[in-house]
Amino acid sequence: MNSKQLMNELKNGGRVYGTLIVSTSPRWPQEVSKLDIDFVFLDAEHMALDRGLLSWMCQTYKAMDLAPIVRIPSPDPYQASMALDGGASGIIAPYIETAEQVKALRAAVKLRPLKGQLARRRAELQGQPSDPAEAELNEYIREYNESNLLIVNIESVPALEALDDILAVDQLDAVLIGPHDLSCSLGVPEQYRHPLFVEAVETIISKARAAGVAAGIHYFFGIDQEIQWAKAGLNLLVHASDMTAFMARMSDEIAEIKQALGDPIRELNNRINI
């Protein structure tokens, strides 16, 4: 999907599918395009991607009608603007805990190219009748940003406590659950079937969808859970990554060969903390 199609699908409550892409090989986009997915997730928070390389990846996937969604390194409006300037179809802001953070990001994503005092003034006037004298600028901003997605990570107890206020921010397109950080914040690190973690995920899904905001998760730890949560309303599915798919398939095949030849199979630590 291109960014406009992705935006419309989420607004209409449809499910969209993507995966985290780690590989920067020039050959890789061609192979990724053979998957039945709608978008790619590019992570500039946890992965060492410089601005030029990230832009190359965004422009390449966008040209293939796979909307590139970029997680920026920090919840900084200027980082959001840089990612969008580089070709991102939308941004994911990490570790959001207040509505004020979302409002600042909304100005960067939905009011481009305005900045500074003008952007702050426009953001404060959101939802209020506009000055007829500014109609031309209003229409320009609307068209310029109509397919820019604003997504925020919900991955801590303070974010859960502020969730109603966060979801009330106008033009927020989706929330994305960060399972590793959320489990740690809940005091049940990496226990993804613990009742506290499952309850938190279900709460985020139900509240987001009731507010008309898409709900997503980036998940590695059980397809059965992804399916269950999708049936409960989860509609932005970021499944695993190219790296984890490689690890799982290669690990199984090497083990199969070693077992057939009677060679020892080492126990490996496959922990993933993204």
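Use the structure listed above.
Note that the structure is a prediction, hence the values are computed from the model and not measured.

On to the pattern of salt bridges. Counting across every chain of the model gives 13 salt bridges. Note that Arg-71 and Glu-45 form a salt bridge whose closest N and O atoms lie 3.2 Å from each other. Taken together, the residues span a long stretch of sequence, with Arg-71 in strand S3 (residues 67-71) and Glu-45 in the loop between strand S2 (39-43) and helix H3 (51-63) at a distance of 26 residues. The exposure class assigned to Glu-45 is partly exposed, which follows from its relative accessible area of 26%. Glu-139 is the salt-bridge partner of Arg-142, the closest N and O atoms lying 2.7 Å from each other. Pair noted here: Arg-142 and Glu-139 are both in helix H7 (residues 135-145), with a separation of 3 residues, about one helical turn. A single network of salt bridges, built from pairs that share partners, joins Lys-4, Glu-139, Arg-142, Glu-143 and Glu-146.

Here the focus is a nonpolar patch on the surface. A surface patch of nonpolar side chains, amounting to about 500 Å² of accessible area, comprises Phe-246, Met-250, Ile-254, Ile-257 and Leu-261. Within the secondary structure layout, Ile-257 lies in helix H13 (residues 242-261).

Here the focus is the layout of surface pockets. Roughly 510 Å³ of internal volume is contained in the second largest pocket. Around the second largest pocket sit 25 residues that line it, and Thr-19, Leu-35, His-239, Ala-240 and Ala-245 are the ones nearest its centre. Where the lining of the second largest pocket is concerned, the elements lending two or more residues are strand S1 (16-20), helix H2 (28-32), helix H12 (223-231), strand S8 (236-241) and H13. When its residues are assigned to classes, the lining of the second largest pocket shows 15 nonpolar, 5 polar and 5 charged.

Right, let's get into the packing of aromatic side chains. What the rule picks out here adds up to 8 aromatic pairs. Measuring from ring centre to ring centre gives 6.1 Å for Tyr-192 and Tyr-219, while their planes differ by 85°; the resulting arrangement is edge-to-face. Residue Tyr-192 is found in the loop between helix H10 (179-185) and helix H11 (195-210), and its partner Tyr-219 is found in strand S7 (residues 214-219); the two are separated by 27 residues along the sequence. Tyr-192 sits in the buried class, given a relative accessible area of 8%. A residue is classified by how much of its surface remains accessible, and Tyr-219, at 0% relative accessible area, is buried.

Attention shifts here to the packing of helix H4 (residues 77-85) against helix H5 (residues 99-110). Geometry of a packed helix pair, given as the angle between the helix axes and the separation of the axes. Relative orientation of the contacting elements H4 and H5 amounts to 25°, with a least axis distance of 8 Å. Considered as vectors, H4 and H5 are oriented roughly parallel to each other. Regarding H4 and H5, the two cross each other, and that crossing is right-handed. Taken together, the residues of H5 that come into contact with H4 (itself represented by Pro-77, Ala-80, Ser-81 and Leu-84) are Ala-104, Leu-105, Ala-108 and Val-109. Classifying every residue of the contact of H4 with H5 by side-chain character gives 7 nonpolar, 1 polar and no charged.

Criteria and thresholds
Residues numbered from 1 in each chain as written. Predicted model: local features only at pLDDT ≥ 70, side-chain atom pairs only at ≥ 80, totals over all residues. Heavy atoms only, no water. Salt bridge = Lys/Arg side-chain N within 4 Å of Asp/Glu carboxyl O. Helix = DSSP H or I, 4+ residues; strand = E, 2+ residues; numbered from the N terminus. Buried < 20%, exposed > 50% of the residue type's maximum accessible area, 1.4 Å probe, protein only. Patch = residues over 30% accessible without salt bridge, like charges linked within 9 Å, V, L, I, M, F, W, Y side chains within 5 Å. Areas by Shrake-Rupley, 256 points an atom, 1.4 Å probe, with all protein chains shown as cover. 1 Å grid on protein atoms, 1.4 Å probe; cavity = no way out; pocket = protein on both sides within 12 Å on 5 of 7 lines; lining within 4 Å. Points joined across faces, edges and corners; volume = space filled by probe spheres on them. Nonpolar A, V, L, I, M, F, W, Y, C, P; charged D, E, K, R; others polar. Phe/Tyr/Trp six-rings, centres within 6.5 Å; stacked < 30°, edge-to-face > 60°. Axes fitted to C-alpha atoms, helices over the stretch in contact; angles between N-to-C directions. Parallel < 35°, antiparallel > 145°, perpendicular 65-115°, else oblique. Left-handed = near helix turned anticlockwise from the far one by under 90°. Contact = heavy atoms within 4.5 Å.

Note that all results are geometric; they support no functional claim without further evidence.
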